[in-house]
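Listed below are the residues making up each chain.
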Amino acid sequence: MNHPRYLLPFIALFFAANMSRATVADPRAIVEVFAAGSLRGVVGDLAAVAAPALNVEVKASFGGSGLMRERIEKGDRPDLLLSADLGSPRRLESQGLTVLPATAFARNRMCVVSRRNAGLTPANLIDRLLLPTLRVKTSTPVADPSGDYAWAIFDRINELRPGTGSRLKDKANAVMNAVAAPATADQSAAAALFAARQIDASITYCSAAAALQRELPELTSLVVPALLDPHPVYGIAVLSSKPAALQLALFLLSEKGQMLIARNGLVPLLDPAPPQR
């Protein structure tokens, strides 16, 4: 791997999985997975590709990583947490709720999805985001790492233009308090907000941008410039020593698992590391 810091948890996971397989017989284990909403495709493929080969059934629940972590802290006991950040797995580890160290398993990029007529480009992105008339949606910080990453972008903009970070956060908070277009069977919540003309741009994961554009072809996406992008890192918390849970976690870190991650628009760990600021 290009990232030596990931090797020790990977090796620990390998030995833990093999030791568990040797001591526990389970004809068809059920693995309960709490996962970030941005990992629906990954978990779906995990259930379709890896689970049958391992004689495992995946039972998945999705939501904001912070909210899923809070459920675990309050007593829920899934086998795995697949989080859109490393902070939530590390917090669970610090509380003694994991059986292995928190481990990175994927990366992402941040994108700004907007109407084409908004005219966003890398050169004018900051100026356009600051326009009072441009309504910018983000996820809720703390509850969802996507919101934390959006706030990190605002903080980096503030480093370049002091005083602008708070303006951007105030704008995003105002939009969060005002929008009210729920998802439907045919349309995601973000697409519904665009369709209802309640928002003009959304800061989201690049892995989600293509699906949003398929829903509304009038939309376009812009990858956040590297200088502003916090380069999200996704982490896994192994919460039980159940053999099947350890095997699924190990699969995600394997070459096949990393291919599955790439297929769903995320960035595998084996890709070159993002440029440092």
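So, here's what we can say about the structure. In this convention, every chain numbers its residues from 1, walking through the sequence in written order. The predicted nature of this model means local features are confined to residues of pLDDT at least 70 and side-chain atom pairs, given and counted, to a pLDDT of 80 or more, with totals for whole chains, interfaces and linings taken over all residues. To obtain the side-chain values, all non-hydrogen atoms of the structure were included, while hydrogens and water were left out.

## What about helix H4 (residues 87-94)?
1) Next: The rule is simple: take the accessible area with a 1.4 Å probe, protein chains only, and divide by the maximum for that residue type; under 20% is buried, over 50% is exposed, in between is partly exposed. Only DSSP runs of H or I with at least four residues qualify as helices, and only runs of E with at least two residues qualify as strands; both kinds are numbered from the N terminus onward. What H4 keeps buried is the set Ser88, Pro89 and Leu92. Down the axis of H4, the buried side of the element spans an arc of 100°, and every buried residue falls inside it. The exposed set on the far side of H4, more than 90 degrees from its buried face, consists of Arg90 and Ser94.
2) Next: Only heavy atoms enter the contact rule, under which two residues are in contact if any of them lie within 4.5 Å. Where the residues of H4 are buried, they touch helix H3 (65-73), strand S3 (80-83) and strand S9 (233-238).
3) Next: Positive backbone phi, approximately 75°, marks glycine 96, located one or two places after H4. Taking the helix axis as origin, the arc is that swept by the directions to the C-beta atoms.

## Looking at the state of the cysteines
1) Next: We call a pair of cysteine sulfur atoms a disulfide when they lie within 2.5 Å. Applying the stated criterion across every chain, the model contains one disulfide.
2) Next: The disulfide partner of cysteine 111 is cysteine 206, and the gap between their sulfur atoms is 2.0 Å. One quick way to see it: the torsion about the S-S bond of cysteine 111 and cysteine 206 is about 100°, and its sign makes the bridge right-handed. Linking cysteine 111 in strand S5 (residues 110-115) with cysteine 206 in helix H9 (residues 206-215), this pair joins segments that are 95 residues apart in sequence. Each of the two residues, cysteine 111 as well as cysteine 206, counts as buried.

## Some points on the packing of helix H6 (residues 145-160) against helix H7 (residues 164-178)
Packed helices, taken two at a time, are described by the angle between their axes plus the distance between the axes.
1) Next: Viewed as axis vectors pointing N to C, H6 and H7 meet at an angle of 150°, and their least axial separation amounts to 7 Å. With respect to H7, the element H6 is oriented roughly antiparallel. Residues Trp151, Phe154, Asp155, Ile157 and Asn158 of H6 touch H7, and the partners they reach there are Thr164, Gly165, Leu168, Lys169, Ala172, Asn173 and Met176.
2) Next: Here the residues of the contact of H6 with H7 sort into six nonpolar, four polar and two charged. Interaxial angles span 0 to 180 degrees and are taken between N-to-C directions of axes, which are lines fitted to C-alpha atoms, for helices over the stretch in contact. Throughout this description, any angle smaller than 35 degrees is read as roughly parallel, any larger than 145 degrees as roughly antiparallel, any in the 65 to 115 degree range as roughly perpendicular, and the remainder as oblique. Lys, Arg, Asp and Glu make up the charged group, whereas Ala, Val, Leu, Ile, Met, Phe, Trp, Tyr, Cys and Pro make up the nonpolar group; the residues left over, Gly among them, are polar.

## What about the pairing of strand S1 (residues 29-36)?
1) Next: The buried fraction of S1 amounts to six of the eight residues, a majority that puts the element mostly inside the structure.
2) Next: When DSSP locates at least two bridges between a pair of strands, those strands are taken to pair. Direction of pairing for S1 relative to strand S2 (residues 56-63): parallel, over a ladder of eight bridges. When the bridges of S2 are listed, alanine 35 appears paired with phenylalanine 62.
3) Next: The handedness rule is simple: strands pointing away from the viewer, and a clockwise path from the first strand over the helix to the second, make the crossover right-handed. The β-α-β motif built from S1, the intervening helix H2 (residues 40-53) and the parallel element S2 has right-handed crossover chirality.

## Quick word on the packing of H3 against H4
1) Next: In contact at an axis separation of 9 Å, H3 and H4 are set at 15° when each is read in the N-to-C sense. If you check the angle between H3 and H4, you find them roughly parallel. Crossing of H3 against H4: the hand is right-handed. Contact with H3, carried on its side by Ser65, Gly66, Arg69, Ile72 and Glu73, involves Ser88, Arg91 and Leu92 of H4 and no other residues of that element.
2) Next: Looking at side-chain class alone, the contact of H3 with H4 contains two nonpolar, three polar and three charged residues. Each crossing gets its handedness from the near helix: less than a right angle anticlockwise from the far helix is left-handed, clockwise is right-handed.

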